[in-house]
Amino acid sequence: MTNLEKYNQAFAEALEISQSQLPGLEYQGIEQWDSVGHMGLVAALEDVFDIMMDTDDIIDFSSYEKGKEILTQNYGIVF
């Protein structure tokens, strides 16, 4: 499984949505992605990629696309 597939699967499962909803998705753009959903998503991504995200990165994680950017720049995950 590629890193993008892992990312998409973790995102979709954590927020209980289909992967077709991911492009353009933003924090609080759907009911499931509230503060509680955000922490569940972060936990899922930390598990999948075996990382521990910094608090600033968790706060900056404001969209599907921004998440990929943060993971690439700060954790060396290539999509």
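What comes next concerns the included structure. (Residues numbered from 1 in each chain as written. Predicted model: local features only at pLDDT ≥ 70, side-chain atom pairs only at ≥ 80, totals over all residues. Heavy atoms only, no water.)

1. A few points about helix α1 (residues 3–15)
Okay, step 1: For α1, with 13 residues, the first-to-last C-alpha span of 18 Å sits near the 18 Å given by 1.5 Å per residue.
Okay, step 2: Taken together, the buried positions of α1 are Tyr7, Asn8, Ala10, Phe11, Ala12 and Leu15.
Okay, step 3: Glu16 lies just past α1 and shows a positive phi near 55°. (Helix = DSSP H or I, 4+ residues; strand = E, 2+ residues; numbered from the N terminus. Expected span 1.5 Å × (residues − 1). Buried < 20%, exposed > 50% of the residue type's maximum accessible area, 1.4 Å probe, protein only.)

2. Some remarks on the packing of α1 against helix α4 (residues 64–75)
Helix-helix packing is described using two parameters, namely the angle between the two axes and the distance between the axes.
Okay, step 1: Their axes nearest at 12 Å, the elements α1 and α4 cross at an angle of 135°. If you check the angle between α1 and α4, you find them oblique. Here α1 runs over α4; the crossing is right-handed. On α4, the residues touching Leu4, Tyr7, Asn8 and Phe11 of α1 are Tyr64, Gly67, Lys68 and Leu71. (Axes fitted to C-alpha atoms, helices over the stretch in contact; angles between N-to-C directions. Parallel < 35°, antiparallel > 145°, perpendicular 65-115°, else oblique. Left-handed = near helix turned anticlockwise from the far one by under 90°. Contact = heavy atoms within 4.5 Å.)

3. Quick look at unusual backbone geometry
Okay, step 1: With phi around 65°, Gln28 is a residue other than glycine that occupies positive phi space.
Okay, step 2: For Gln28, the position within the fold is in the loop between α1 and α2 (35–49).
Okay, step 3: Residue classification places Gln28 among the exposed positions, given a relative accessible area of 56%.
Okay, step 4: Residues other than glycine seldom take positive phi values, yet Asp50 does so here, at roughly 55°.

4. Description of the environment of Ala14
Okay, step 1: Position of Ala14 among the secondary structure elements: in helix α1.
Okay, step 2: Classification of Ala14 by relative accessible area gives partly exposed; the value is 29%.
Okay, step 3: The spacing of Ala14 and Asp54 is 40 residues in sequence and 19 Å in space, taken between C-alpha atoms.
Okay, step 4: Other than its neighbours up to four places away in sequence, Ala14 contacts Gly40, Leu41 and Ala44.

5. Digging into the pattern of salt bridges
Okay, step 1: Tallied over the full model, the rule gives 1 salt bridge.
Okay, step 2: With a shortest N-O distance of 3.1 Å, Glu69 and Lys66 are connected by a salt bridge. Linking Glu69 with Lys66, this pair stays in helix α4, spanning 3 residues, or about one helical turn.
Okay, step 3: Classification of Glu69 as partly exposed rests on a relative accessible area of 36%.
Okay, step 4: A relative accessible area of 26% means that Lys66 is categorised as partly exposed. (Salt bridge = Lys/Arg side-chain N within 4 Å of Asp/Glu carboxyl O.)

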